[in-house]
Amino acid sequence: MTASIVGWAHTPFGKFDTETVESLVTRVANEAIADAGISASDVDEIVLGHFNAGFSPQDFTASLVLQADPKLRFKPTTRVENACATGSAAVHQGLRAIDAGAARIVLVVGVEQMTRTPGPEIGKNLLKASYLPEDGDTVGGFAGVFGKIASSYFQKYGDQSDALALIAAKNHKNGVANPFAQMRKDFGFEFCRAESEKNPYVAGPLKRTDCSLVSDGAAALVLADAETAKGMSKSIGFRATAHAQDFLPMSKRDILQFEGCTVAWQRALEKAGVALTDLSFVETHDCFTVAELIEYEAMGLTPKGQGARAIKEGWTLKDGKLPVNPSGGLKAKGHPIGATGVSMHVMTAMQLAGQAPEGMQLKNAKLGGIFNMGGAAVANYVSVLEPLK
């Protein structure tokens, strides 16, 4: 690859009554530019990831980034969307601009404001990331879609409630050390495993602790071409990227396979010239705990139907052989749709630069993997990052 991440910014994720999409965007845009040590005038192109789908009344948002600095006026600016992988779609779009020689420096921003939307509308908006002719009447909205997936997995491979609770407990424990995380509380396995008034079933076998959070937040990064990156104070290079888009209807594929995830990982690892076991850690898309479970299998960590081994045997813990979601993942960090993919890249870049918060920083992190997913394994993006300086 010809590009590197040379600066970044990240708001805390949570519920912010005083913020707007515009204020979140302008904040991280300015902070990322400052972190890269450049001027807004140095930016050649801007890409905004914003899912929206009804969360924000303002639905023409690309130019909101220009509000950050008058010097951004007239820069080519585009908004992209690919469901819950919108953030990574924005990152990959920025990389293509650099690879094509159309830009030296690209500002990438991801944002979502979800918490101002009434509960029933949240479910309706999120369900737009599924195939409405088949899933439009699903009880429980998008959680209901993954509840069906979890039920099907349990039917085929047995009750995996212990594994799901272990994944939830792991990610919540990891999130305690992440100051950007929406929920910084170590719930423990027993709380996550047991149905209770505070942890009721939401859809199928999925409880509240199996579901990621409704969030507001934004993240941004500055991409630079190889030559420009040489003059920057830090440079986290893209060893490889891959994007595999699958059919939208679940009826056209085996939903327990997450085949698009597998294809994206295989392509990225082949391009990078590494094996999964060469990675120091992975940030993966745990919109629901069952998604992380199946992703263990799809990325090649375990055979099909044996994803539970990875968590039960401690492989994916922070001190395991392949730590997964040391940031706390979407489960603890939160999931503001358009910001998530950018956030995953920022969290990974922090780790590789040795600049992750204390308690979250892994020792000797040399190679980081990212998997960001839109819909039910429909949009599948993988990035492999490495520190260059």
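Computed from a predicted structure; not experimentally measured. (Residues numbered from 1 in each chain as written. Predicted model: local features only at pLDDT ≥ 70, side-chain atom pairs only at ≥ 80, totals over all residues. Heavy atoms only, no water.)

*Asks:* Can you walk me through the overall build of the protein chain in this structure?
*Replies:* When helices and strands are tallied, the protein chain shows 13 helices and 11 strands. For the protein chain, whose C-alpha radius of gyration is 19 Å, the value lies close to the compact-globule estimate of 21 Å for 389 residues. For the protein chain, the C-alpha atoms occupy an extent of roughly 55 × 45 × 40 Å along the three principal directions. The long-range share in the protein chain, meaning contacts at least 24 apart out of those at least 6 apart in sequence, stands at 76%. About 14,300 Å² of surface is accessible on the protein chain, with carbon and sulfur atoms providing 50% of the total. Taking the average place of the 38 positive charges on the side chains of the protein chain and the average place of its 41 negative ones, the gap between the two points comes to 2 Å. (Helix = DSSP H or I, 4+ residues; strand = E, 2+ residues; numbered from the N terminus. Rg over C-alpha atoms; globule rule 2.2 N^0.38 Å. Contact = heavy atoms within 4.5 Å. Areas by Shrake-Rupley, 256 points an atom, 1.4 Å probe, with all protein chains shown as cover. Lys, Arg positive; Asp, Glu negative; His and termini not counted. Charge placed at Lys NZ, Arg CZ, Asp CG, Glu CD.)

*Asks:* How do you make sense of the packing of aromatic side chains when you look at a structure like this?
*Replies:* Each pair of aromatic rings is reported with the distance of its centres and the angle of its planes. In this structure the tally under the stated criterion is five aromatic pairs. Where Phe-142 meets Phe-288, the ring centres are 6.4 Å apart and the plane angle is 50°; that geometry is what we call tilted. Taken together, the residues span a long stretch of sequence, with Phe-142 in helix H5 (residues 141-157) and Phe-288 in the loop between strand E9 (281-284) and helix H10 (289-298) at a distance of 146 residues. Overall, Phe-142 belongs to the buried group, its relative accessible area being 7%. Among the residues examined, Phe-288 registers a relative accessible area of 6% and is labelled buried. Through pairs of rings, three or more aromatic residues link up here, namely Phe-142, Phe-146 and Phe-288. (Phe/Tyr/Trp six-rings, centres within 6.5 Å; stacked < 30°, edge-to-face > 60°. Buried < 20%, exposed > 50% of the residue type's maximum accessible area, 1.4 Å probe, protein only.)

*Asks:* Mind showing me how you'd approach the UniProt feature "domain: Thiolase C-terminal" (unreviewed entry) in the protein chain here?
*Replies:* The UniProt record annotates "domain: Thiolase C-terminal" (unreviewed entry) at residues 250-386. As a span, residues 250-386 carries 38% helix and 14% strand, and end to end its C-alpha atoms are 35 Å apart. (UniProt positions renumbered as here; feature names shortened; annotations may be inferred.)

*Asks:* So what exactly am I meant to see when it comes to unusual backbone geometry here?
*Replies:* Most peptide bonds are trans, and most residues other than glycine sit at a negative phi. Unlike most non-glycine residues, Phe-74 shows phi in positive territory, near 75°. Mapped onto the elements, Phe-74 comes out in the loop between strand E2 (45-49) and strand E3 (77-80). Look at Phe-74 and you get exposed, because its relative accessible area is 69%.

*Asks:* Please clarify how the nonpolar core should be interpreted in this entry.
*Replies:* Judged by nonpolar contacts, the single largest core of 66 residues is most densely connected at Phe-146, Ile-149, Phe-258, Trp-265 and Phe-288. Counting residues per element, this core draws most heavily on H5, which supplies eight residues. With near-sequence residues (within four places) excluded, Phe-258 lies in contact with Phe-146, Ala-291, Ile-294, Glu-295, Ala-298, Met-373 and Ala-377. Residues Leu-95, Ala-103, Phe-281 and Ala-379 belong to the second largest nonpolar core, which totals 38 residues. (Core = buried A, V, L, I, M, F, W, Y, C linked by side-chain atoms within 4.5 Å.)

*Asks:* Just to check I follow, could you spell out the environment of Ala-100 for this structure?
*Replies:* In this structure, Ala-100 sits in the loop between helix H2 (86-99) and strand E4 (105-113). Taking the relative accessible area as the measure of exposure, Ala-100 reaches 64% and is therefore exposed. Linking Ala-100 and Met-114, residues 14 residues apart in sequence, is a C-alpha distance of 34 Å.

*Asks:* What am I meant to see in the side chain of Asn-199 here?
*Replies:* Of note, Asn-199 is situated in the loop between helix H7 (188-193) and strand E5 (201-203). Under the relative-accessibility criterion, Asn-199 is labelled buried at 0%. Among the polar contacts made by the side chain of Asn-199, one reaches the main-chain carbonyl oxygen of Ala-194 at a distance of 3.2 Å. Residues contacting Asn-199, with those up to four places away along its chain left out, are Phe-191, Cys-192, Ala-194, Lys-207, Arg-208 and Thr-209. (Polar contact = N/O pair within 3.5 Å; in protein donor to acceptor, adjacent residues only side chain to side chain.)

*Asks:* I'm lost on the pattern of salt bridges in this one. Help?
*Replies:* As a working rule, side chains carrying opposite charge can pair if their charged atoms are close by. Taken as a whole and assessed by the stated rule, the structure comprises nine salt bridges. In this structure, the salt-bridge partner of Asp-35 is Lys-234, at a minimum N-O distance of 2.7 Å. Of this pair, Asp-35 sits in helix H1 (residues 21-36) while Lys-234 sits in the loop between helix H8 (226-229) and strand E8 (236-245), and the two are 199 residues apart along the sequence. Ionic pairing is found between Asp-59 and Arg-79, a salt bridge with its closest N-O pair at 3.2 Å. Residue Asp-59 is found in the loop between E2 and E3, and its partner Arg-79 is found in strand E3; the two are separated by 20 residues along the sequence. By relative accessible area, Asp-59 is classed as partly exposed at 46%. Exposure remark for Arg-79: the relative accessible area of 25% places this residue in the partly exposed category. Ionic contacts of the salt-bridge type, sharing partners, join the residues Glu-19, Arg-27 and Glu-31 into one network. (Salt bridge = Lys/Arg side-chain N within 4 Å of Asp/Glu carboxyl O.)

*Asks:* How do you make sense of the packing of H5 against H10 when you look at a structure like this?
*Replies:* What describes two packed helices is the angle between their axes and the distance between those same axes. H10 packs onto H5 with a crossing angle of 55° between their chain directions and a minimal axis gap of 10 Å. Taken together, H5 and H10 sit at an angle that is classed as oblique. You can see that H5 and H10 cross each other, and the crossing is left-handed. Of the residues in H10, those touching H5 at Phe-146, Ile-149, Ala-150 and Tyr-153 are Val-290, Ala-291, Leu-293, Ile-294 and Glu-297. Tallied by class, residues from the contact of H5 with H10 come to eight nonpolar, no polar and one charged. (Axes fitted to C-alpha atoms, helices over the stretch in contact; angles between N-to-C directions. Parallel < 35°, antiparallel > 145°, perpendicular 65-115°, else oblique. Left-handed = near helix turned anticlockwise from the far one by under 90°. Nonpolar A, V, L, I, M, F, W, Y, C, P; charged D, E, K, R; others polar.)

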